[in-house]
Amino acid sequence: MINFHVDRSSSVPAYAQLIRQVREGLRMGLLHPGDQLPTVRSVVTSCTVNPSTVLKAYRELELAGLVEARQGSGTFVSGTLGDADPHVMARLRSGLSRWLGQAREAGLEDEDVQALFTSVIAEDSLRRAQAGNGPPRTEPVARTAFGKKGDAA
């Protein structure tokens, strides 16, 4: 089961952070169809958010076809995102973790890492679009992925 967290210092609304965490869990292979999401009550308690915040996140995930609410049973994952091989994802995650260690040794903070990562994604999207490999990516990278200066990544 996923354990939600909310970064209060982020400019991203709490409901959007919850949505992002479910989407990331699906992409990383941590969540699968049939898995149950935490109850609204448990998210309210663990993240100290309003129940309407959790309900809004779950409702948007349901509208996107990623979860389904079952009356009296809870909210369950019903969709998937991405089709990357879990082994490939694990290998890439390991490499990214090593890279992050090098970035830390070079003195980069969370916001520096995020800016660097975002700029590389933008450049790659532009290059792919110019080469005719599809439109540039329009979905912004979530600011909560790395936190803010001083936060643990």
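Before any of the text, the structure's been laid out above.
Cut-offs and rules
Residues numbered from 1 in each chain as written. Predicted model: local features only at pLDDT ≥ 70, side-chain atom pairs only at ≥ 80, totals over all residues. Heavy atoms only, no water. Helix = DSSP H or I, 4+ residues; strand = E, 2+ residues; numbered from the N terminus. Buried < 20%, exposed > 50% of the residue type's maximum accessible area, 1.4 Å probe, protein only. Salt bridge = Lys/Arg side-chain N within 4 Å of Asp/Glu carboxyl O. Phe/Tyr/Trp six-rings, centres within 6.5 Å; stacked < 30°, edge-to-face > 60°. Lys NZ or Arg CZ within 6 Å of the ring centre and 35° of its normal. Core = buried A, V, L, I, M, F, W, Y, C linked by side-chain atoms within 4.5 Å. Contact = heavy atoms within 4.5 Å. Axes fitted to C-alpha atoms, helices over the stretch in contact; angles between N-to-C directions. Parallel < 35°, antiparallel > 145°, perpendicular 65-115°, else oblique. Left-handed = near helix turned anticlockwise from the far one by under 90°. Nonpolar A, V, L, I, M, F, W, Y, C, P; charged D, E, K, R; others polar. Pairing = 2+ DSSP bridges.

Outside of glycine, negative phi angles account for most residues, and trans bonds account for most peptide bonds. For T48, which is not glycine, the phi dihedral falls at a positive 45°. Relative to the helices and strands, T48 resides in the loop between α2 (40-47) and α3 (51-63). Here T48 falls in the exposed class, since its relative accessible area comes to 58%.

In this section: the pattern of salt bridges. For the structure on display, the rule yields four salt bridges. Here R104 ties to D110 by a salt bridge, and the two come within 2.6 Å at their closest N and O atoms. Assessed through its relative accessible area of 32%, R104 is described here as partly exposed. Between D124 and R127 there is a salt bridge; the shortest N-O distance is 3.9 Å. One end of the pair is D124 and the other is R127, both in helix α5 (residues 110-130) and three residues apart, which spans about a single turn.

Evaluated as defined, the whole model comprises one aromatic pair. Relative to Y58, the ring of F4 lies with its centre 6.5 Å away and its plane at 50°, an arrangement referred to as tilted. In this pair, F4 sits in the segment before α1 (14-27) while Y58 sits in helix α3, placing the two residues 54 residues apart along the sequence. Taken as a pair, F4 and Y58 share a single burial class, namely buried. Between K56 and the ring centre of Y15, over which it is positioned, the NZ or CZ distance is 4.0 Å. Over the aromatic face of F76 sits the side chain of R70, whose NZ or CZ is 4.0 Å from the ring centroid.

Another aspect to go through is the nonpolar core. Membership of the largest hydrophobic core comes to 22 residues, with the highest contact counts inside it found for F4, L37, V43 and Y58. Only α1, α2 and α3 provide two or more residues apiece to this core. In terms of residue count, α1 provides more of this core than any other element does, five residues in total. Non-local contacts of F4, meaning those with residues more than four positions away in its chain, are made with L18, Q21, V22, P38, V43, C47 and Y58.

Quick look at the packing of α1 against α3 now. One way to put it is that α1 packs onto α3 with a least axis distance of 8 Å and a crossing angle of 45°. The orientation of α1 relative to α3 falls into the category oblique. Here α1 and α3 pass one another in a crossing that is right-handed. Along the contact surface, α1 presents A14, Y15, L18, I19, V22 and R23, while α3 presents T53, V54, K56, A57, E60 and L61. Here the contact of α1 with α3 is built from residues that sort into eight nonpolar, one polar and three charged.

Once that is clear, we can look at the pairing of strand β2 (residues 74-77). Here strand β1 (residues 67-70) pairs with β2 via four bridges, running antiparallel. If you follow A69 over to β2, its bridge partner there is T75. In this antiparallel pair of consecutive strands, β1 and β2, the connection spans three residues, and G72 shows a positive phi of 80°.

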